[in-house]
Structure formats: structure tokens, C-alpha cells
Amino acid sequence: MDDPTDPTGPRDPFNTGAGSILWQPKSVWATAGASVVAFMGIGLVDPILPSIAKGLDATAGQVSLLFTSYFLITALAMLVTGFVSSRIGGRKTLLLGLALVVVFAGLSGTSGSVGELVGFRAGWGLGNALFVSTALAVIVGAAAGGSAAAILLYESALGLGMACGPLLGALLGDASWRYPFFGTAALMAVGFLCIAAFLREQPKPARRTSLLDPVRALGHGGLASVAASAFFYNYTFFTVLAFTPFVLDMSPYRSGAVFFAWGLLLAVFSVLVAPRLQRRFGSLKVLGGSLVLLAADVLVLGYGDHTTAVVCTVLSGALIGVNNTVYTELALGVSDAPRPVASAGYNFVRWFAAAAAPYFAPKIEEWTDVRIPFVVAAVTALLGALVVVVRRRALAHEAEESQPRHATEDGVTVFAN
């Protein structure tokens, strides 16, 4: 049995080179548990999108705005989260974010129109941005076993949340599309109480972050290149996440099972497979190859039969998991800006694509046919790969790559995946 106080460090049960993630203080487990629920909120609505459309007499395009409002506010909030947490501290920022999620998730379940629901999801996005942008920094600061163990724990929480969100949405949404929102509010309330009880306030940063620091950080060519590539990639990612449920047109249970399998692959490939691929081939080769494979996958998804579409949706989770890990590490290591600031600038750019894809994919279908949104998604994945190839010298600072580096001070990461 490992002793977390052992100066030689705890053993690594996953053979990833990180310290053990099993022996952690209660404050770390409380934050990680709340992180799981926070990430569940991203994919929660996936299996119930058709049910919401039917229940609120809305079109697919209108319901997809649930993602657009959520991620548009998340993108803008990237400029605010560092400003807030550097002034009130990590613990209070987490609690503020959780409180906002509890309120707006609960209100989402009471919506009488799609317009109300879209608005409440925007408030939810603000709360989630405040929480997830601070959670990793808090986990790193409080974790035993070193920063690598903390990052592994955080990425595990992210993957588990992405996997369980659609499952929870399916289980509760089969009875009513409103129940998943109430369920999330209840779980986040439990997370609020756990963090309030177990997490002590950590020291505030020596230097306060200004609202414009993340924008200034994008003046670095390497960071701007990562952000641009991630922008195109995120358009592909969220075409799969927000538009595919309408194409599959399955019951909440079946759709939830598909995206649960998708999320499991995302988690496994993000935490276990991506680091091994990076050590063997290097980050830039892994990222470029994964983006090309993702382009091929979504193209087949759009043109295949129903069974093929299901298989390609699930398989995309593996490629998305790899991409998420590599992008995060590149963004946090390519520039000399403080990691929370660099990550905020990077996320500020890429989340705009997450807001754009759910809006444009249904519009493109209306203007053309159901296959073309996936053609566009394949093109954007290839554009992301092209940026990596063209700007590889600007990215090479982080890509010496015999061993991938993880963020140790990231204050703003997500899908960071």
C-alpha cells in the first residue's frame, strides 16, 4: 500500500509516469467529483435533443442553440475567470461557479420555451466556465503525489464526466427532458457542499490577472497557431457532439448508450493512449495524423448508413481524446506566458468554434442536405492539420517530445479537453 508521504513518491498504478492518483486529500476528491458533474453538463443534452425539440415545439436548429449559447458565454468568460480567481481566490471562484450552475441548471428544467432554455444555458455556461477554469489549478495545488498525478486525476474526471453526461441524460430524459437538468442541479449542489466543507482557500497569485492579458498572450506566434488549429478542430468536434444526435434519430436510451461509449473512448485515449503515442511519435505527428483520421471518420459518418454512422460516432471519441490532450499540452507549453493566461487566451479562441458549429450545422443541412455538415466538419479538421504542418516550426518549442509535458499551473482548461 502506497504512502503519499513517502519522499520517493507513490507508485503509478496506470504506468503512465505519474504519481498515484488514488491517495489524495478529501479536498482533491471533492473538487474532482464536482469536476465530473461539471463536464457531464456538456454532453448531458445530447440524447435528449430530439425530445427537447418535440417538447418545446422547436426545430433542430433552435435546439442546437443550447450549445451555442453555452459555449459563446464560456468563450467570453475565459477573459474573466482569471481576473476573478486572482482577486477572490480559487475556492470562492469554484463555489461561485457551482452556485451559478445549480441555479441555471434548475431553471433550465422549468423552461416554457426554447428561448428561455437557451438563455438559461448561457447562465449555466458562465458558471461552468468559472468552475472548470479554476478546478485544475486547485487540484494541482492540493494534490499529493506531484502535479502529474493531479493532471491525470483531472483528465480522468473530464473523461468520466463526458462519458456519464449522455448516460445521465438518457436515464432521466426517458421520463421527461426536464429531469436531467434537475438532476444536474442536485448533483452540483452536493459538489458545492463538499467543496465548502473540505477545500481550504489556497494562496492567491502574486500578480493579479487583467482582462486583456489572455488577448495579449495570443500575440505569441506559437500560441496563436495552436489556438487557430484548435478553432478548426473544435468546429469538427462539436458538429459530432451537437448535430449527430439528430442524424442518428434514436431513443434517449440508445443515443445515450452511443455517446456513453464515445465518452469512454475519449477518456481512455486522452489519459492512457495519447501520452504513449506522444512519447513514440511526437506531439505534432500525433496531432496531425489524428486530425486527418478524424476528417475521414466524420466524412464516412455523413455518407454511411445508420450502423456506420453509429460506429463512426463512437470511434470519433478516441480521436477526440487524443486531440484534446495534445492541444492542451501544446497550448500550455508553447509560449512564455503564465500558463493560466496562455490557456485563457487559447480557450477564448477555440470555444467560439464550439459555439459556431451547433448553429451552422443545422443551417447547412437546411440549405443543402444532411451530408454536407459533415463534409464541412471534415474540411475544418483538415484545416486544423494544415495549420499544424505550416506552423510546425512555431510549435516546435513544445514538440521536442521524447516525453509529453502536462500542465502544472493551468487555471483555464477544458476538454482540455
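Residues numbered from 1 in each chain as written. Predicted model: local features only at pLDDT ≥ 70, side-chain atom pairs only at ≥ 80, totals over all residues. Heavy atoms only, no water.

1. Section: the overall build of the chain
We count it as follows: Numbered from the N terminus, helices here are DSSP runs of H or I no shorter than four residues, and strands are runs of E no shorter than two. Buried, partly exposed and exposed residues are distinguished by accessible area as a fraction of the type maximum, computed with a 1.4 Å probe on protein chains only: under 20%, between the cut-offs, and over 50%, respectively. Here, residues are in contact when the closest pair of their heavy atoms is within 4.5 Å.
When helices and strands are counted, the chain shows 15 helices and 0 strands. Taken across its 417 residues, the chain has 59% of its residues classed as buried. When contacts within the chain are restricted to residue pairs at least 6 apart in sequence, long-range pairs at least 24 apart make up 85% of them.

2. Quick word on the pattern of salt bridges
Operational definition: Salt bridge, as used here: a side-chain nitrogen of Lys or Arg that lies within 4 Å of a carboxyl oxygen of Asp or Glu.
This model, assessed by the stated rule, comprises 1 salt bridge. Where Asp213 meets Arg216, a salt bridge forms, and the shortest distance between an N and an O atom there is 3.0 Å. Separated by 3 residues within a single helix, Asp213 and Arg216 lie in helix H8 (residues 213-217), roughly one turn from each other. Residue classification places Asp213 among the buried residues on the basis of a relative accessible area of 8%.

3. Let's talk about the packing of aromatic side chains
Filter applied, for reference: Between 30 and 60 degrees the pair is tilted, below 30 it is stacked and above 60 it is edge-to-face, where a pair is any two Phe, Tyr or Trp rings, Trp via its six-membered ring, whose centres lie within 6.5 Å.
Applying the stated criterion to the full structure yields 17 aromatic pairs. Between Tyr70 and Trp124 the ring centres are 6.4 Å apart and the planes differ by 75 degrees, which places this aromatic pair in the edge-to-face class. On the criterion of sequence distance, the pair formed by Tyr70 in helix H3 (residues 60-88) and Trp124 in helix H5 (residues 114-142) is long-range, its members being 54 residues apart. Judged by its relative accessible area of 1%, Trp124 falls in the buried class.

4. Observations regarding the nonpolar core
Test applied: Residues belong to a common nonpolar core when they are buried Ala, Val, Leu, Ile, Met, Phe, Trp, Tyr or Cys residues joined through side-chain atoms within 4.5 Å.
Counting 118 residues, the largest nonpolar core has Ile52, Phe71, Phe131, Phe181, Ile195, Phe238 and Trp262 as the members making the most contacts within it. The element that contributes the greatest number of residues to this core is helix H9 (residues 221-248), accounting for 14 residues.

5. Concerning the side chain of Thr184
Heads up, the condition is: Pairs of N or O atoms within 3.5 Å make up the polar contacts considered here, provided that, within protein, one atom can donate a hydrogen while the other can accept it, and that residues adjacent in sequence are counted only when both atoms are side-chain atoms.
Turning to its location among the elements, Thr184 is positioned in helix H7 (residues 179-198). Classification of Thr184 by relative accessible area gives buried; the value is 3%. Among the polar contacts made by the side chain of Thr184, one reaches the main-chain carbonyl oxygen of Pro180 at a distance of 2.9 Å. Contact partners of Thr184, with chain neighbours within four places excluded, come to Val37, Leu44, Trp124 and Leu168.

6. A look at unusual backbone geometry
The backbone of Asp57 sits at a positive phi, close to 55 degrees, despite the residue not being glycine. In this structure, Asp57 sits in the loop between helix H2 (49-55) and H3. Overall, Asp57 belongs to the exposed group, its relative accessible area being 73%. In this model, Asp249 sits at a positive phi of 50 degrees, which is unusual for a non-glycine residue. Note that Asp249 resides in the loop between H9 and helix H10 (252-281).

7. Thoughts on the environment of Gln24
By the secondary structure assignment, Gln24 is in the segment before helix H1 (26-43). Looking at Gln24, the relative accessible area reads 11%, which means it is buried. Linking Gln24 and Ala142, residues 118 residues apart in sequence, is a C-alpha distance of 8.5 Å.

8. Some points on the packing of H10 against helix H12 (residues 306-333)
Keep this limit in mind: Note on method: axes are straight lines fitted to C-alpha atoms, helices fitted across the in-contact stretch only, with angles between N-to-C directions ranging 0 to 180 degrees. Small angles under 35 degrees read as roughly parallel and large ones over 145 as roughly antiparallel, with 65 to 115 read as roughly perpendicular and the rest as oblique. By definition, turning the near helix anticlockwise from the far helix through less than a right angle yields a left-handed crossing, and turning it clockwise yields a right-handed one. Here the nonpolar group is Ala, Val, Leu, Ile, Met, Phe, Trp, Tyr, Cys and Pro; Asp, Glu, Lys and Arg are the charged ones; every other residue, Gly included, is treated as polar.
Following both chains from N to C, one finds H10 and H12 inclined at 40 degrees, their axes separated by 7 Å at the closest point. With respect to H12, the axis of H10 lies oblique. In the crossing of H10 with H12, the sense of the turn from one axis to the other is right-handed. Its residues assigned to classes, the contact of H10 with H12 comprises 16 nonpolar, 8 polar and 1 charged.

9. Here we look at H1
Here is the rule we go by: Take the number of residues in a helix, subtract one, and multiply by 1.5 Å to get its expected span.
Here H1 contains 18 residues, and its C-alpha end-to-end distance of 27 Å stays within 8% of the 26 Å for a straight helix at 1.5 Å per residue. In terms of residue burial, H1 counts as a mostly covered element, since 15 of its 18 residues are buried.

10. Quick word on the confidence of the model for the chain
We apply this condition: Per residue, pLDDT measures the predictor's confidence, with a range of 0 to 100.
On average, residues of the chain carry a pLDDT of 82, and 87% of them reach 70 or more. Taken element by element, the predicted model of the chain shows its lowest mean pLDDT in helix H6 (residues 147-173) (77) and its highest in helix H14 (residues 372-390) (97). The low-confidence segment residues 1-19 (pLDDT under 50) makes 32 contacts with residues lying over four places distant or belonging to another chain. Scored below 50 in pLDDT, residues 401-417 makes 77 contacts in the model with residues more than four places away or belonging to other chains.

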